[in-house]
Amino acid sequence: MNEEKELPEAPAFKYCRESRVFKTGRVFPNDVNNHKTLFGGKLMSGIDEVASISAMRHCRANVVTASADSVDFLLPIRPTDSVCFESFVSWTGRTSIEVFVKIISEHLYTGERAVAATSFLTFVAVSEDGVPVPVPKIIPETDEEKLMNESAEERADLRKVRRAKSKQLASQLNTSKYWEENSHL
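From a predicted model like this one, the values you see are computed outputs, not experimental measurements.

### Section: the overall build of the chain
Turning to step 1, where the next piece is worked out: Of regular secondary structure, the chain possesses 4 helices and 7 strands.
Turning to step 2, where the next piece is worked out: Of the regular secondary structure in the chain, the N- to C-terminal order runs β-β-α-β-β-β-β-β-α-α-α.
Turning to step 3, where the next piece is worked out: Projected onto its principal axes, the C-alpha coordinates of the chain cover approximately 60 × 55 × 45 Å.
Turning to step 4, where the next piece is worked out: In the chain, 73% of the contacts between residues at least 6 apart in sequence involve partners at least 24 apart.
Turning to step 5, where the next piece is worked out: On the chain, roughly 12100 Å² of surface is accessible, and the fraction owed to carbon and sulfur atoms is 54%.
Turning to step 6, where the next piece is worked out: Here the chain contributes 24 positive and 27 negative side-chain charges, whose respective centroids are spaced 3 Å apart.

Here is the structure:
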């Protein structure tokens, strides 16, 4: 008796807070580079992880990463710090979801906290067949949520231009193996 369960209809609107994710961790010796600061790639992995959870909480569907618009490293994160990732959905299109991620470092001996990095990522909600599906609109409530939401359409426009330029550039790039193409060197 394996009946398919019908999913409830998605709400037309959701609050930013419903997608908020927090993750705090330590910085260990194997997490740092030769400058004794957190590896950028380690930070980027954490950003993508929390952002994808925010996106899925918002639409309650599968999502795919469409872009990582920016990762701005503002301050070094050291082994004496904890690193807290905070993410929430800041804007939505028809099927796209923009997620803002704020990374806060906290010096574990002094308690001093600072915004060490920020990032914006865009996801597309998809069905199990990989077809884009509509997502609820977002309602910002806090000053920070409103700030991110008010500037989101400009970021979306810039994303479209950048993506078109990336596609144009990619169409001109070589895909052959370097050692085969340049065997005469």
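### A closer look at the packing of aromatic side chains
Turning to step 1, where the next piece is worked out: Per the counting criterion, the structure on display carries 2 aromatic pairs.
Turning to step 2, where the next piece is worked out: Where F100 meets F120, the ring centres are 5.1 Å apart and the plane angle is 45 degrees; that geometry is what we call tilted. Residue F100 is found in strand β5 (residues 96-107), and its partner F120 is found in strand β6 (residues 113-126); the two are separated by 20 residues along the sequence.
Turning to step 3, where the next piece is worked out: With relative accessibility at 12%, the residue F120 sits in the buried group.
Turning to step 4, where the next piece is worked out: Put simply, the rings of F88, F100 and F120 touch in pairs and so form one group of aromatic residues.
Turning to step 5, where the next piece is worked out: The ring of Y15 has R17 sitting right over it, with the charged end atom 4.3 Å from the ring centre.
Turning to step 6, where the next piece is worked out: R155 extends its terminal NZ or CZ atom over the ring of F120, reaching a point 3.9 Å from the ring centre.

### A closer look at the sheet that holds strand β4 (residues 81-92)
Turning to step 1, where the next piece is worked out: Read across the sheet, 5 strands follow the order β2-β4-β5-β6-β3 without closing on themselves; strand pairing throughout is antiparallel. At either margin of the open sheet sits one strand with a lone partner, and together these are β2 (21-26) and β3 (62-73). Across the sheet, the mean angle separating the axes of adjacent strands is 20 degrees when strand polarity is ignored.
Turning to step 2, where the next piece is worked out: Note that β4 and β5 share 11 bridges and pair antiparallel. If you follow C84 over to β5, its bridge partner there is I104.
Turning to step 3, where the next piece is worked out: Here helix α1 (residues 40-59) sits on the sheet in contact with β2, β3, β4, β5 and β6, set at roughly 40 degrees to β4.

### A short note on the nonpolar core
Turning to step 1, where the next piece is worked out: Counting 32 residues, the largest nonpolar core has L43, I77, I97, V99, V101 and I103 as the members making the most contacts within it.
Turning to step 2, where the next piece is worked out: Mapped by element, the contributors of at least two residues to this core are α1, β4, β5 and β6.
Turning to step 3, where the next piece is worked out: Beyond its immediate sequence surroundings of up to four residues, I77 is in contact with V27, K36, T37, L38, L43, V83, I103, S105 and A116.

### Looking at the state of the cysteines
Such a bond, covalent and formed between the sulfur atoms of two cysteines, is termed a disulfide.
Turning to step 1, where the next piece is worked out: Applying the stated criterion to the full structure yields 0 disulfides.
Turning to step 2, where the next piece is worked out: Looking at the unpaired C16, the closest cysteine sulfur is the one in C59, lying at 14 Å.

Conventions used here
Per chain, residue numbering runs from 1 following the sequence as it is written. Predicted model: local features are reported for residues with pLDDT of at least 70 only, side-chain atom pairs are reported and counted for 80 or more only, and whole-chain, interface and lining totals are derived from all residues. For side-chain calculations, the full set of non-hydrogen atoms in the structure is used, while hydrogens and water are omitted. What counts as a helix is a DSSP run of H or I of at least four residues, what counts as a strand is a run of E of at least two, and both are numbered from the N terminus. Whether two residues are in contact is decided by their heavy atoms: any pair within 4.5 Å suffices. Computed with a 1.4 Å probe, the accessible areas rest on the Shrake-Rupley method; for each residue, only the protein chains presented here act as cover. As used throughout, the charge tally considers Lys and Arg to be positive and Asp and Glu to be negative, leaving His and the chain termini uncounted. Charged side chains are reduced to one point each, which is NZ for Lys, CZ for Arg, CG for Asp and CD for Glu. When two rings of Phe, Tyr or Trp (its six-membered ring) have centres within 6.5 Å they constitute a pair, described as stacked for plane angles under 30 degrees, edge-to-face for angles over 60, and tilted for the intermediate range. The cut-offs for exposure are 20% and 50% of the maximum accessible area for each residue type, with area from a 1.4 Å probe on protein chains only; residues under the lower value are buried, those over the upper are exposed, and the others partly exposed. The criterion for a charge sitting over a ring is simple: Lys NZ or Arg CZ within 6 Å of the ring centre, and within 35 degrees of the ring normal. Two strands pair if DSSP finds at least two bridges between them. Fitted lines through C-alpha atoms give the axes, limited to the stretch in contact for helices. The angle between two N-to-C directions lies from 0 to 180 degrees. What is meant by a nonpolar core is a set of buried Ala, Val, Leu, Ile, Met, Phe, Trp, Tyr and Cys residues, joined one to another through side-chain atoms within 4.5 Å. Note that a disulfide, as used here, is simply two cysteine sulfur atoms within 2.5 Å.

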